[in-house]
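Remarks on the overall topology
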Amino acid sequence: MKDIAVYTESFHAWPRHMDYAAAFAAAFDAQLTGICICPSPQMGLPAYEVPGFVEEWADQVRQLVEEACKAEAGFLAEARQRHLEKAAWQVAQGYVPECLAVASNWHDLLVLGSDVASVWGSPSAMGDIMLSCDIPCLIVPAAYEKPFALDCVAIAWNGSMTSLRAIHAALPILTRARHIAVLESTDPASPTAAWQPRFDLTRYLRRHGLAPQSSTVGRHGKSIGNDLLQAANRTGADLLVMGGYGHTRLRERVLGGATKEVLEQASLPVWMRH
């Protein structure tokens, strides 16, 4: 894991998820690329002609891009203060999920901040980004204040292909953990996971030199996401690894699902892979 991207809506501040991303990159001796995305001149134009609007809008976008580019020096200085020498700043223009999908082609991980006060920090917005990018996404809650650590990593396991992809992608993380807690759901796995012989996660992890400890996550309420987060907190987890959107996005929006609930309620960083 050598290239980590972190998306930011701010030119001047380092919100909590950027601090976490810097510590994460330093731990893996990786380069951290801060990605700022401005609208393109074609975005936001009205369907009908408004005298002078196009020129004014284009000028505002140009100024925004210039300001974003000037923020590079500040970003690199903040990175050095956090003992991170491998850092870069990237300014893109366009629709945020599409731009981050392009960046995912040469990055190993995308770090996002969960913050309903920001445009792209809501659960729905982060879901759009996650479904657009073909790499793991690490979601950091805005209120998360604990020092960076990977001593204990919890794994949400229900036998689905999405959870298996998340675990496979997280192997570099799991090898650093002192304790790995596998939280097995009592809910039936996704139909796409049905095959014989049944995939043995414990054997798979042990083959990678890991020593997982399993426990069952029962349904104590209406929210499987809340039950999962409570189980992760009981283990003292520093990070939760789980698959994202094992069901269709529409089903999760209408009926709810673990991904949606965890994105809404997470109190610890979550590693997700669709």
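Counting restarts for each chain, with residues numbered from 1 along the sequence as it is written. A pLDDT threshold of at least 70 governs which residues receive local features in this predicted model, and a stricter bar of 80 or more applies before side-chain atom pairs are shown or counted, although totals over entire chains, interfaces and linings include all residues. The basis for every side-chain value is the complete set of heavy atoms in the structure, and neither hydrogens nor water enter the calculation.

**Comments concerning the pattern of salt bridges**
Criterion for a salt bridge: a side-chain nitrogen of Lys or Arg within 4 Å of a carboxyl oxygen of Asp or Glu. Evaluation of the coordinates by the stated rule reveals eight salt bridges. Taking the shortest distance from any N to any O, the salt bridge between Arg82 and Glu78 comes out at 2.6 Å. Across the pair Lys260 and Glu264 runs a salt bridge whose closest N-O atoms are separated by 2.9 Å. Remark: Glu264 and Lys260 occur in helix α11 (residues 258-265); sequence separation between them is four residues, near one turn of the helix. Residue classification places Lys260 among the partly exposed positions, given a relative accessible area of 29%. The class for Glu264 is partly exposed, based on a relative accessible area of 45%. One continuous salt-bridge network, built from bridges that share partners, spans Asp19, Glu78 and Arg82. Each helix corresponds to a stretch of at least 4 residues labelled H or I by DSSP, and each strand to a stretch of at least 2 residues labelled E; elements are numbered beginning at the N terminus. The cut-offs for exposure are 20% and 50% of the maximum accessible area for each residue type, with area from a 1.4 Å probe on protein chains only; residues under the lower value are buried, those over the upper are exposed, and the others partly exposed.

**Considerations on the confidence of the model for the chain**
Known as pLDDT, the predictor's confidence for each residue is given on a scale from 0 to 100. Per-residue pLDDT for the chain has a mean of 88; in total, 86% of the residues score no lower than 70. The weakest mean pLDDT in the chain belongs to helix α10 (residues 249-255) at 47; the strongest belongs to strand β1 (residues 3-7) at 98.

**So, the packing of aromatic side chains**
A pair of aromatic rings is counted whenever rings of Phe, Tyr or Trp (Trp by its six-membered ring) have centres within 6.5 Å, and the orientation is called stacked for planes under 30 degrees apart, edge-to-face for over 60 and tilted otherwise. For the structure shown, the criterion picks out ten aromatic pairs. The interplanar angle of 75° and the centroid separation of 6.3 Å between the aromatic rings of Tyr20 and Tyr144 together place this pair among those described as edge-to-face. Of this pair, Tyr20 sits in helix α1 (residues 16-27) while Tyr144 sits in the loop between β5 (137-141) and β6 (152-157); the two residues are 124 residues apart in sequence, bridging distant segments of the chain. The residues Tyr20 and Tyr144 share a single accessibility class, namely buried.

**Description of unusual backbone geometry**
Phi is positive for Asp29, which is not a glycine, with a value near 50°. Tracing the backbone through its elements, the reader meets Asp29 in the loop between α1 and β2 (31-38). Note on Asp29: relative accessible area 45%, which makes it partly exposed. Within the chain, His83 stands out as a residue other than glycine whose phi angle is a positive 60°. Tracing the backbone shows His83 in the loop between α3 (72-81) and β3 (87-93).

**Some details on the side chain of Ser223**
For Ser223, the position within the fold is in the loop between β8 (212-217) and α9 (224-234). Only 3.0 Å separates the side chain of Ser223 from the backbone nitrogen of Asn226, close enough to count as a polar contact. Looking at Ser223, its side chain comes within polar contact range of the side chain of Glu261, at 3.1 Å. The criterion used for residue contact is that any of the two residues' heavy atoms lie within 4.5 Å. Setting aside residues up to four positions removed in sequence, Ser223 forms contacts with Glu261 and Gln265. Distance and chemistry together define a polar contact, namely a pair of N or O atoms within 3.5 Å, with one atom able to donate a hydrogen and the other to accept it when in protein, and with adjacent residues in sequence counting only for side-chain atoms on both sides.

**Quick look at the packing of helix α4 (residues 96-103) against helix α5 (residues 123-132)**
Helix axes use the C-alpha atoms of the stretch in contact, all axes being lines fitted to C-alpha atoms, and the angles between their N-to-C directions lie in the range 0 to 180 degrees. Where α4 meets α5, the axes come as close as 8 Å, and the angle between the chain directions of the two elements is 35°. The handedness of the crossing between α4 and α5 comes out as right-handed. Side by side, α4 and α5 meet where Val96, Pro97, Leu100 and Ala101 of the first sit next to Asp128, Ile129 and Ser132 of the second. Nonpolar residues are Ala, Val, Leu, Ile, Met, Phe, Trp, Tyr, Cys and Pro. Charged residues are Asp, Glu, Lys and Arg, and all others, Gly as well, are polar. A per-class count over the contact of α4 with α5 returns five nonpolar, one polar and one charged. In this scheme the crossing of two helices becomes right-handed for a clockwise turn of the near helix relative to the far one and left-handed for an anticlockwise turn of less than a right angle.

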